[in-house]
Amino acid sequence: MTPAAPPPAGGVRHLYLHLPFCAARCGYCAFVVEVGREEVRDAYLDALLAELAQEGGRLGPLETVYLGGGTPTLMGAGRLTRLLEALAPRLAGGAEVTVEANPETVDRTLARALVAAGVTRVSLGAQSFQPHLLAALDRRATPARVRAAAGLLREAGVGRLSLDLIQAVPGQTMADLERDIAEVGAIGPDHVSWYELEVKPGSALAARGAVVDPDLAEDAYLRVVDALEDMGYRWYELANFARDGARCRHSLAYWTARDYLGLGVGAVSTVAGTRWRNAPGVDRYVAALAAGRRPPRTREPLAPATRRRERWMLATRLDEPLDLGWAGPPDHPEAVPRLAGLGLVEAGAGTLTLTRRGRLLQNAVVQELMDFST
Ligand SMILES: C[S@@+](CC[C@H](N)C(=O)[O-])C[C@H]1O[C@@H](n2cnc3c(N)ncnc32)[C@H](O)[C@@H]1O
Ligand code: SF4
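All figures in this text were calculated on a predicted structure; none of them were measured in a lab.

Caption draft 1: View of the side chain of Thr73. For Thr73, the location among the structural elements is in the loop between β4 (59–69) and α2 (76–87). Sequence-distant contacts of Thr73, defined by excluding residues within four places in its chain, comprise Leu80, Val99, Glu100, Ala101, Asn102, Thr105 and Leu110.

Caption draft 2: Region of interest: the domain arrangement of the chain. Taken domain by domain, the chain comprises domain 1 (12–255) and domain 2 (304–369). Computed over C-alpha atoms only, the centres of domain 1 and domain 2 are separated by 29 Å. The interface is formed by 15 residues belonging to domain 1 together with 10 residues belonging to domain 2. Among the residues of domain 1 in contact with domain 2, Trp235, Leu238 and Trp255 are the three that bury the most area, contributing 51% of the side total. Taken together, the connections running from domain 1 to domain 2 amount to six salt bridges. Linking Glu320 and Arg247 is a salt bridge whose minimum nitrogen-to-oxygen distance equals 3.2 Å. Run the count over domain 1 and domain 2 and you get nine residue pairs in polar contact (both at pLDDT 80 or more). The set of elements that each furnish at least two residues to the side of domain 1 that touches domain 2 consists of α8 (214–230), β9 (234–237) and α9 (249–255).

Caption draft 3: Representation of the nonpolar core. Counting residues in hydrophobic clusters, the biggest one holds 70 residues, and the most contacted among them are Leu67 and Trp194. If sequence neighbours within four positions are ignored, Trp194 has contacts with Leu165, Ile166, Gln167, Leu177, Asp180, Ile181, Val184, Val224, Leu228, Ala239 and Phe241. Listed in part, the 16 residues of the second largest apolar core include Ala315, Leu322, Leu352 and Met370.

Caption draft 4: Focus on the pattern of salt bridges. Evaluated as defined, the whole model comprises 29 salt bridges. For the salt bridge of Arg208 with Asp138, the shortest nitrogen-to-oxygen distance reads 2.5 Å. You can see Arg208 sitting in the loop between α7 (204–207) and α8 and its partner Asp138 sitting in the loop between α4 (131–136) and α5 (143–156), a full 70 residues away along the chain. Assessed through its relative accessible area of 48%, Arg208 is described here as partly exposed. Take Asp138: its relative accessible area is 28%, and that puts it in the partly exposed class.

Calculation rules
- All residue numbers refer to positions counted from 1 along the written sequence of the respective chain.
- Chain labels run from A onward and ligand labels from 1 onward, assigned in the order the entries are written.
- Owing to the predicted nature of the model, reporting of local features is limited to residues with pLDDT of at least 70; listing and counting of side-chain atom pairs is limited to 80 or more, with chain, interface and lining totals taken over all residues.
- Only heavy atoms go into the side-chain values, all of them from the structure, while hydrogens and water stay out.
- Put simply, DSSP H or I for four residues or longer makes a helix, DSSP E for two residues or longer makes a strand, and each gets a number counted from the N terminus.
- Two residues form a contact once any of their heavy atoms are found within 4.5 Å.
- The domain boundaries here were taken from an automatic or database domain assignment.
- Defined here as a combined quantity, buried area equals the accessible surface (1.4 Å probe) lost by two parts on assembly, summed across both.
- Here a salt bridge means any side-chain nitrogen of Lys or Arg lying within 4 Å of a carboxyl oxygen belonging to Asp or Glu.
- Under this definition, polar contacts are N or O atom pairs within 3.5 Å; protein pairs additionally need one hydrogen-donor-capable and one acceptor-capable atom, and for neighbouring residues in sequence, both atoms have to be side-chain atoms.
- Here, the term nonpolar core denotes a set of buried Ala, Val, Leu, Ile, Met, Phe, Trp, Tyr and Cys residues that are joined through side-chain atoms within 4.5 Å.
- Partly exposed describes any residue whose relative accessible area lies between the buried limit of under 20% and the exposed limit of over 50%, with all areas from a 1.4 Å probe on protein chains only and scaled to the type maximum.

Below, the structure written as structure tokens:
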């Protein structure tokens, strides 16, 4: 049954909607995805709107909405417009509305429809501009298609364009990375997410025995940070870079541990100290909502210590001082002077800031300060 936790005062301000359909599964991907099954899209949209109606009482005026996937753009312009029209009355003024887009699905009609339906931000999955790396990742778009999609979205008037890229792909050289950096420079997006490849258990890459070379990953990361900063981007989160005023407000809500509601298969919600996760499986999801029931889900109350540790792990990803009044004290305060002596953190009045070096080692630094074993 549904979590009984009351909504926070004023309601939840951040909404994620999961659109799971993909034409094929990419070699690295472990997200909740339905390959093919396009005939279920209408029923899925009905179910998503039914879940929105069920959970709508938890929502306040929405500051951010994020349509993620899967491949949201595989829903097509008509269904996305229907969904965005249903959300429109719930938006606060100036809300950020993001849609993830796969390049091969973007044409002029879709780009214009997104803008007309109120989308303010598109996150385009480029991953790389090198044909051999796109092939290694099982991507369907050619480099030309990625460039064309960016152009069509710009031309349609999308307010903010973000590009996703992946580094440390098997077979990648530093020369490949330089070419990808140059492509990003030529497109000039407002925002860039540049992730290190994670070989997920169960993925096709894992089955092929792919491994990430840690030396390449480190060199590539340092080079990406330097290059994007030189281009004028702010390295505002470990893997995210933004031009002035173009940080992703939805992701910032996650990194600052705000409450959010997630709708759709596999979607996660965290509201008033409880986390719940809808089960994967479109058919069960659609059947439950069609019968007026809540979707199958698991529910986990978050202990105060868990929430405190999450705040530490998430908010230290940002380039801002951690407010200890908000995050709570470290589990191991004795580690602070040691880490400060190593040049990894700086202690202020009621704050702790990771230095540039500390940010490059963020996970290890936070593990020294917080106890994640319980
Ligand atoms: C929800 S995913 C996919 C969005 C969209 N369907 C696409 O393929 O572009 C968002 C981003 O996460 C990144 N990502 C997903 N799996 C990853 C992995 N195993 N390692 C590194 N980055 C990954 C990719 O850059 C991807 O664009
Ligand atoms: S990376 Fe994107 S397109 Fe590829 S399978 Fe995952 S969600 Fe689908």
